[in-house]
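Reading the structure
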Amino acid sequence: MGNHVIERTWERMLEPVCIFGNLYFVGTIPASTHILKTKDGLIMSDSGYQETLYMVIDNMYRLGLNPHDIKMIIHTHGHVDHFGATAALQKMTGAKAGIAELDKTYVTGEENLSWADELDLTLIPFTPDFIYTDGDVLSFGGVDIKCIATPGHTPGTTSFVFDVTDGRDKKRCKITVEYAKVDVDALKKKGHTTFEDAMQYYREWLYAVVRHYIADDWEATEGHDEIMQIVAEKIEKYYQEV
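Residues numbered from 1 in each chain as written. Predicted model: local features only at pLDDT ≥ 70, side-chain atom pairs only at ≥ 80, totals over all residues. Heavy atoms only, no water.

Describing the sheet that holds strand S5 (residues 70–74)
- Taken in spatial order, the seven strands make up an open sheet running S1-S2-S3-S4-S5-S6-S7, and their pairing is mixed. What marks the edges here is a single partner per strand, and that holds for strand S1 (17–20) and strand S7 (130–132). Shown here is a sheet whose adjacent strand axes are inclined to one another by a mean of 25 degrees, direction ignored.
- The pairing of S1 with strand S2 (residues 23–25) spans three bridges and is classified as antiparallel. Bridge pairing links Cys18 to Tyr24 in S2.
- Taken strand by strand, helix H3 (residues 86–93) contacts strand S4 (41–45), S5 and strand S6 (96–100), and its axis lies near 160 degrees from that of S5. (Pairing = 2+ DSSP bridges. Helix = DSSP H or I, 4+ residues; strand = E, 2+ residues; numbered from the N terminus. Axes fitted to C-alpha atoms, helices over the stretch in contact; angles between N-to-C directions. Contact = heavy atoms within 4.5 Å.)

Concerning the side chain of His34
- Mapped onto the elements, His34 comes out in strand S3 (residues 34–38).
- Relative accessible area serves as the criterion here: at 15%, His34 is assigned to the buried category.
- Here His34 is in contact with Ile19, Leu23, Tyr24, Phe25, Ile43, Met44, Ser45, Asp46 and Ile175, once residues within four sequence places are set aside. (Buried < 20%, exposed > 50% of the residue type's maximum accessible area, 1.4 Å probe, protein only.)

Some details on the pattern of salt bridges
- Tallied over the full model, the rule gives three salt bridges.
- Note that Arg168 and Asp166 form a salt bridge whose closest N and O atoms lie 3.6 Å from each other.
- Under the relative-accessibility criterion, Asp166 is labelled partly exposed at 29%. (Salt bridge = Lys/Arg side-chain N within 4 Å of Asp/Glu carboxyl O.)

Description of empty space enclosed by the protein
- Going through the model one piece at a time under the given rule, you end up with two cavities of 30 Å³ or more.
- As a volume, the largest cavity reaches approximately 60 Å³.
- Lining the largest cavity we find Leu23, His34, Ile35, Leu36, Ile43, Met44, Ser45, Ile74, Ile145, Phe160, Phe162 and Ile175.
- Elements with a minimum of two residues in the lining of the largest cavity: S3, S4 and strand S10 (158–165).
- Across the lining of the largest cavity, the residue classes break down as ten nonpolar, two polar and no charged.
- Considered as a void within the structure, the second largest cavity measures approximately 40 Å³ in volume.
- In terms of lining residues, the second largest cavity is bounded by Tyr49, Gln50, Glu51, Val80, Gly84, Leu121, Thr122, Leu123 and Ile124. (1 Å grid on protein atoms, 1.4 Å probe; cavity = no way out; pocket = protein on both sides within 12 Å on 5 of 7 lines; lining within 4 Å. Points joined across faces, edges and corners; volume = space filled by probe spheres on them. Nonpolar A, V, L, I, M, F, W, Y, C, P; charged D, E, K, R; others polar.)

Honestly, it's all geometry; don't read function into it.
Here it is as structure tokens:
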């Protein structure tokens, strides 16, 4: 059975771009990959599918970035479209790769939850060199990356907050994972069949995060109720479908 995600991958290329200063997008239509350039080498956020790695490598070269300079690979979560190429990059570059504690078994293949089977893909697991949890700070090359647990898409989904600079100005950046219909489908399979059940699920997961980090890292929010209103707006439509 064919898979539209990885068939004719060359038709799913995106132009690479410098987003700002030392932050670059080198991913594809099916999966995002970002590069953060530091004085000691490159940090990659999500490697994408192994089937599209050749495009990521080409995009890096087109922006003057050498893939062999990748020193660290971090992952927003443990689905195969975000870590499928990591094992190859570990072998190719010697980069150290990390994942959130709660998604570790996804990327090692200990649990069949990476979505490789659903996407008709062969899973190439990787062994994490380091693990992070909520509140950890990853420091490399003069850059500090704060790890913020934002579960929902997977139990270990993590957002990364860090500063980027062009040598003159400095901006705060956050790489995160959006809610999607697949997340709601997964909630329904777990028994959260109503909108109210889903909201309670997100309250239990997110309140601790909001309590600790809203002041520094959540934009345009004033409190717990506003965070939950944002969640409600994103998922309510999926519970209204007939």
